[in-house]
Amino acid sequence: MKKRYLAVFMTAALALGMAGCGRNTENVPKDTETGAESSETDNTDEKKEDTDVSGEDEDAGKQDDDAKKESSAPNLVFTTKYYDAGENYQYIYGKYMVGEVTGENYPELKASVNSWYDEYEKNYNATMEQSIEDAKMLAEDMGDDFYSYSFEYSANAVRLDENITSIVMDEYSYQGGAHGYDGLYGITFDTKTGKELAFSDLGDIRETVRGYMDEQIQKKREEGGSFEFYEDHIDSFLDSPVWYLDGIGLSMVFNAYEIGSYAEGRTIITIPYDKMTGFNKEYELTGDSVFAQLFSDTATEIDVNGDGELEKVEISSEYDDNYETKLSVKVNDTSLELGTCAYMTNAYYAKCENGRSFVLVSCDMMSDDYGTFLVEVTDGTPKLCETFGMGGVNSISNDGVVVSGNVYVLGTYCGVRAYSFEEGSFQPIEERFVFNNDKNSQYRMGPVLKKSLKVQIEENGSMVQKELEAGTAIYPVDTDGETIVGFELEDGTYGEITFERKDGTIYIDGVSEYDLFNELPYAG
């Protein structure tokens, strides 16, 4: 039967890479990043047993379905797009992410988020158009010393549940000078109503938040920070703050220069939900699990062991002389070195329902091969549980993590798969990796048959054997990575091929993939 294991069918440039999937594609940058916060299973094509449900049982079934619908998280996917500078490519580079709510569970949220991002995209393109002329003038003045302008905006959902949809956008820009500017911004919606929330919608919490931030700034000063502009800036900041909600609480963001020097960088103060008197109960976090995104070289205070005391959790990234990044996880004064990589892509903290706490650090392990370090921090001492080589974490939720990475089957494709990790190792939840390579993909890839091949094709909900003629293109869309690859034909018809792997080569009915197909799209 045709399976759709994850609702993460991204479009546009995501076909070229999702949170760390690289393709050997000319003229397309390889450092695409995405976030997707969804692990929906679509079994609408599965054969269903006939049942006779009536009366109270039928009503109870409908109520259960309604309750399940309301308690589920919305499907939010991010698409990475590249700005087309045309003949001005040497003056400016642009990459940005657009969020989209899919599915029908939350129509109000869908309308609001999608409309917000439509406007966001228009504003981004307007900024690029305005900056091209400035870049040209600077290039004329600087000659060979000119470095092209760059506007690289990424996004990630940091809380996504039936109450709150909160998104963090990391916006880096370089417009000449000694360095660029990296700003963090938040946008939060009421999941049920779709309303874009203002700070005042969170409840009567201004004084509580102000008091908590005063205390934290004082602690940071005792540790050596100056934050010389804090008192002058805090009142106006609270009139229009930068904030977001995650699995820990309310995070207030001071970007560089706001309360201190550029060297002091960005400051994030997170107020736990249980520390905010007057917080709107509609937006409280439910359940025992806690999830939060971590940022490199920025300490986040979290109660990792449940003793009521906050520990400082930090991911340290340090470039060495070989242009590699040394990564380490630090909890208070105890540090664990993870090793080197090209760069970190994502990091998360997770406290699972079983009480165990983990830090997950995803990075480019070199040459577009992405992996994730799973580190347990339950007792306050970081311990490496696993170095996972199947990809980087895109998103995290009560259901586990969504991981994306390169999968090598009849070509190189960016595969997405859900895993659990609460027992200290990554275990697959979904049977297959899913590729963004179906008929709706802008950058679809697939080999063409040299000779006829018998395969399984889906017809009326069942799989039947058919013979594909030579010259037929197939587009792989999912695989278990071991014996089965699912594909689509040009018209979207779904099929499956059974294979075996010997010495790194795939064989189908005893015939090598290289003898069966033309131009297998393997990277490298």
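The structure under discussion appears in the preceding block.
Throughout, residues of each chain are indexed from 1 in the direction in which the sequence is written. Reporting of local features is limited, given that this is a predicted model, to residues whose pLDDT is at least 70; pairs of side-chain atoms are given and counted only at 80 or more, and all residues count toward the totals for whole chains, interfaces and linings. Side-chain figures throughout are based on the complete set of non-hydrogen atoms in the structure, without hydrogens or water.

Visitor: What is the right way to read the pairing of strand β5 (residues 164–174) from this model?
Guide: Every other side chain in a regular strand lies on the same face of the sheet, so the side chains alternate between the two faces. Burial analysis of β5 places 9 of its 11 residues in the buried class, which makes it a mostly covered element. Here the rule is simple: two strands pair whenever DSSP picks up at least two bridges between them. Helix and strand definitions here come from DSSP, where helices need a minimum of 4 consecutive H or I residues and strands a minimum of 2 consecutive E residues; each element is numbered from the N-terminal end. In this sheet, β5 lies alongside strand β4 (residues 149–160) in antiparallel orientation, the contact comprising 10 bridges. In the strand pairing of β5, Leu 160 is matched with Thr 165. In textbook terms, the turn of a hairpin is the stretch between consecutive antiparallel strands, and for β4 and β5 this stretch comprises 3 residues. Pairing geometry for β5 and strand β6 (residues 181–190), over 10 bridges, is antiparallel. Its bridge partner lying in β6, Glu 171 is registered against Gly 183. Hairpin geometry of β5 and β6 is characterised by an intervening segment of 6 residues between the two adjacent antiparallel strands and by a positive phi of about 90° at Gly 176. Working definition: with a 1.4 Å probe on protein chains only, accessible area under 20% of the residue-type maximum means buried, over 50% means exposed, and in between means partly exposed.

Visitor: Explain the environment of Pro 107 to me, please; I cannot follow it from the model alone.
Guide: Along the chain, Pro 107 turns up in helix α2 (residues 107–142). By relative accessible area, which is 41% here, Pro 107 ends up partly exposed. Sequence separation of Pro 107 and Gly 194 is 87 residues, and the distance between their C-alpha atoms is 8.0 Å.

Visitor: Just checking my understanding: could you explain the packing of helix α3 (residues 206–222) against helix α4 (residues 230–239) for this structure?
Guide: The packing of two helices is summarised by the inter-axis angle and the distance between the axes. For helices, the fitted line uses only the C-alpha atoms of the stretch in contact; every axis is such a line through C-alpha atoms, and the angle between N-to-C directions lies from 0 to 180 degrees. The interhelical angle for the contact between α3 and α4, taken along N-to-C directions, is 150°, at an axis separation of 12 Å. As summarised for this structure, α3 and α4 are arranged roughly antiparallel, according to the angle between their axes. Seen along the crossing, α3 lies across α4 with a hand that is right-handed. Packed against α3, whose contacting residues are Arg 206, Val 209, Arg 210, Met 213, Asp 214, Ile 217 and Arg 221, the element α4 presents Tyr 230, Glu 231, Ile 234, Asp 235, Phe 237, Leu 238 and Asp 239 at the interface. Amino acid classes used here: Ala, Val, Leu, Ile, Met, Phe, Trp, Tyr, Cys and Pro are nonpolar; Asp, Glu, Lys and Arg are charged; the rest, including Gly, are polar. Of the residues in the contact of α3 with α4, the class split is 7 nonpolar, no polar and 7 charged. In these notes the angle categories are as follows: under 35 degrees is roughly parallel, over 145 is roughly antiparallel, 65 to 115 is roughly perpendicular, and the rest is oblique. For any helix crossing, the convention is left-handed if the near helix is rotated counterclockwise from the far helix by under a right angle, and right-handed if that rotation is clockwise. Should any heavy atoms of two residues lie within 4.5 Å, those residues are considered in contact.

Visitor: Explain α4 here, please?
Guide: Quick reminder: α-helices carry 3.6 residues per turn. Residues three or four places apart thus point the same way. For α4, the set of buried residues is Tyr 230, His 233, Ile 234, Phe 237 and Leu 238. For α4, the arc enclosing every buried residue in end-on projection is 125°, short of the 170-degree limit, so these residues lie on one face. Of the exposed residues in α4, those oriented more than 90 degrees away from the buried face are Asp 232 and Asp 239. In this description, one arc is meant: the one made by directions from the helix axis to the C-beta atoms.

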